[in-house]
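Fold and geometry: a report
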Amino acid sequence: MANFLGLAFPQKLTVLGSIGTYSRSSRLTTITPVCCVNSVSTLSTNAHRKRNYELKAPRRLVIALGASVWAQFMNMSGGVAGKSFIVSARQKSSVEEVLKNVDWPEQFPFKEEDFQRFDESPDSSFYESPRFVTHIDDPAIAALTKYYSEVFPPSNTPGVSILDMCSSWVSHFPKGYKQDRIVGLGMNEEELKRNPVLTEYAVQDLNVNPRLPFEDDSFDVITNVVSVDYLTKPLDIFKEMSRILKPGGLAIMSFSNRCFWTKAISIWTSTGDADHALIVGSYFHYAGGFEAPQAVDISPNPGRSDPMYIVYSRKASTA
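The chain is annotated in an unreviewed UniProt entry as Methyltransferase type 11 domain-containing protein from Erythroxylum novogranatense.

Okay, structure coming up:
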């Protein structure tokens with residue numbers, strides 16, 4: 001797991017047009033999913049913080065020759081001579097470089113099966129009980145909050161509206177941050193009620209109804225923290241994000257390697273950190289209406305605390 005299945009890629013990455021080149025009936029291998037192994041939730045109380053380990057993911061069959069989907073999704077053309085890199089969860093450059101110079105195929109390359117999950121029971125049941133926990137550790141939270149402080153509009157800017165999508169009892173916004181409108185959209189009302197930064201909230205299962213309940217051109221910023229891996233209709237949702245963002249509005253998708261693996265989509269649990277950045281980037285690209293997505297590695301202590309990654313884009317400005 002030290003590298004992206006042992007494959008070295010040149011600096012320019014070209015995406016192939018077909019995901020189904022290799023037969024699933026041949027050259028199969030078994031690996032442990034590189035995401036969500038020993039997934040972690042951090043339980044916060046007034047007296048202490050306790051680290052709770054979720055279930056370890058089972059081993060699953062994936063395609064060999066780079067068991068990752070990207071062995072079929074990318075080739076090695078157009079590189080700079082003598083400069084190549086190993087796509088690795090431990091290398092900051094891998095995540096930050098993976099969305100540069102991508103030649104996307106004409107059609108969205110993923111299949112319905114890529115968005116299946118180990119647990120297909122209703123998400124409303126899974127999230128019925130509130131979880132007043134944080135799913136990344138304190139250094140990762142601090143890194144995300146610092147990033148927000150650098151890219152958010154200044155606090156109390158007139159007319160600014162922010163949507164925290166897949167929200168809960170905490171949004172990790174900078175301390176004291178305020179706007180006239182900060183909306184939380186999530187699955188559990190008790191959690192949303194406890195979120196002090198929100199001015200309003202709505203409860204909605206985006207995997208059942210991906211239509212966002214807001215007017216066109218409503219928001220300056222959309223955030224999503226460690227939840228993009230649970231979306232089973234990501235293109236529909238990203239199209240909706242484009243619709244409700246103001247021209248030039250910013251969408252920030254943050255993720256780590258922690259998750260409820262039974263609820264994460266199959267393509268996520270069978271791929272690694274750099275792959276995840278490319279997956280999220282593809283959502284922006286194929287949804288349309290966004291500028292070219294970019295990736296940032298904000299991991300505070302690589303190898304010593306939870307990694308933290310950002311894929312972001314802005315809604316294309318109208319002419």
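Overview of the sheet that holds strand 14 (residues 245-255)
Pairing is mixed across the open sheet formed by 7 strands, whose spatial order is 12-11-10-13-14-16-15. What marks the edges here is a single partner per strand, and that holds for strand 12 (200-203) and strand 15 (294-297). Going across the sheet, the axis of each strand differs from the next one's by a mean of 20°, ignoring polarity. Strand direction decides the pairing type here: strand 13 (residues 219-225) and strand 14, joined by 6 bridges, are parallel.

Some thoughts on the pairing of strand 15
Residues Ala295 and Asp297 point to one face of strand 15 and are all buried, whereas Gln294 and Val296, pointing to the other face, are not buried. In the sheet, strand 15 pairs with strand 16 (residues 309-314) via 4 bridges, with the strands oriented antiparallel. Its bridge partner lying in strand 16, glutamine 294 is registered against tyrosine 312.

Points about helix 4 (residues 138-151)
The terminal C-alpha atoms of helix 4, which comprises 14 residues, lie 20 Å apart, in line with the 20 Å expected from a rise of 1.5 Å per residue. Among the residues of helix 4, those classed as buried are Ala140, Ile141, Ala143, Leu144, Thr145, Tyr147 and Tyr148. Packing partners of the buried residues in helix 4 comprise strand 9 (133-134), strand 13, strand 14 and strand 16. For helix 4, the side-chain oxygen to backbone nitrogen distance between the N-cap and alanine 140 is 3.1 Å, and the N-cap itself is aspartate 137.

Focus on the environment of arginine 314
For arginine 314, the location among the structural elements is in strand 16. Taking the C-alpha atoms as reference, arginine 314 lies 8.7 Å from leucine 245; in sequence the two are 69 residues apart. Contact partners of arginine 314, with chain neighbours within four places excluded, come to Gly248, Gly249, Leu250, Gly289, Phe290 and Glu291. Reaching out from arginine 314, the side chain makes a polar contact with the backbone oxygen of glycine 248 at a distance of 2.8 Å.

Examining the packing of helix 6 (residues 234-244) against helix 8 (residues 273-287)
The geometry of helix 6 relative to helix 8 is characterised by a closest axis approach of 9 Å and an angle of 60° between their N-to-C directions. By the angle between their directions, the pair helix 6 and helix 8 is classed as oblique. Relative to helix 8, helix 6 is oriented so that their crossing is right-handed. Side by side, helix 6 and helix 8 meet where Pro234, Leu235, Phe238, Lys239 and Met241 of the first sit next to Val280, Tyr283, Phe284, Tyr286 and Ala287 of the second. Its residues placed into classes, the contact of helix 6 with helix 8 shows 9 nonpolar, no polar and 1 charged.

Considering unusual backbone geometry
Outside of glycine, negative phi angles account for most residues, and trans bonds account for most peptide bonds. With phi around 60°, cysteine 166 is a residue other than glycine that occupies positive phi space. The class of cysteine 166 is partly exposed, set by a relative accessible area of 24%. Residue histidine 172 is not a glycine yet carries a positive backbone phi of 65°. Mapped onto the secondary structure, histidine 172 falls in the loop between strand 10 (161-167) and strand 11 (181-186).

Considerations on the packing of aromatic side chains
For the coordinates displayed, the defined rule picks out 20 aromatic pairs. Aromatic side chains phenylalanine 110 and phenylalanine 115 sit 6.2 Å apart centroid to centroid with 90° between the ring planes, which places their arrangement in the edge-to-face category. Taken individually, phenylalanine 110 and phenylalanine 115 each receive the classification buried, so the pair is uniform in this respect. Ring geometry for tyrosine 148 versus phenylalanine 152: centroids 4.6 Å apart, planes at 15°, classification stacked. By the burial criterion, tyrosine 148 is buried, and phenylalanine 152 matches it. Through a chain of ring-to-ring contacts, three or more aromatic side chains come together here, namely Trp104, Phe108, Phe110, Phe115, Phe238, Tyr283, Phe284, Tyr286 and Phe290. The ring centre of phenylalanine 260 lies 4.9 Å from the NZ or CZ of arginine 131, which sits over that ring.

Cut-offs used in this document
Every chain's residues receive numbers from 1 upward, in the order its sequence appears when written. Whole-chain, interface and lining totals are the exception, using all residues; otherwise, since this is a predicted model, local features are given only for residues with pLDDT of at least 70 and side-chain atom pairs are given and counted only at 80 or more. Side-chain numbers come from the whole structure's heavy atoms, not from hydrogens or water. Here, a strand pair is defined by DSSP locating no fewer than two bridges between the strands. Secondary structure elements follow DSSP: runs of H or I no shorter than four residues count as helices, runs of E no shorter than two count as strands, and numbering proceeds from the N terminus. For helices, the fitted line uses only the C-alpha atoms of the stretch in contact; every axis is such a line through C-alpha atoms, and the angle between N-to-C directions lies from 0 to 180 degrees. Think of it in three bands: residues with accessible area under 20% of the maximum for their type are buried, residues over 50% are exposed, and the middle band is partly exposed, with areas taken using a 1.4 Å probe on protein chains only. Working rule for helices: expected span equals 1.5 Å times residues minus one. Between two residues, a contact is recorded if the distance between any of their heavy atoms is within 4.5 Å. In protein, a polar contact means a hydrogen-donor-capable atom and an acceptor-capable atom, both N or O and within 3.5 Å, with residues adjacent in sequence counting only if both atoms are side-chain atoms; elsewhere, any N or O pair within 3.5 Å suffices. In what follows, roughly perpendicular refers to angles from 65 to 115 degrees, roughly parallel to angles under 35, roughly antiparallel to angles over 145, and oblique to any angle outside these ranges. In a left-handed crossing the near helix is turned counterclockwise from the far helix by less than a right angle, and in a right-handed crossing that turn is clockwise. Just so you know the grouping, Ala, Val, Leu, Ile, Met, Phe, Trp, Tyr, Cys and Pro go in nonpolar, Asp, Glu, Lys and Arg go in charged, and all remaining residues, Gly too, go in polar. Geometry of aromatic contacts follows a simple scheme: Phe, Tyr and Trp rings, the Trp one being its six-membered ring, pair when their centres are within 6.5 Å, and the pair is stacked under 30 degrees between planes, edge-to-face over 60, tilted otherwise. The rule for a charge over a ring is simple: NZ of Lys or CZ of Arg within 6 Å of the ring centre, and within 35 degrees of the ring normal.

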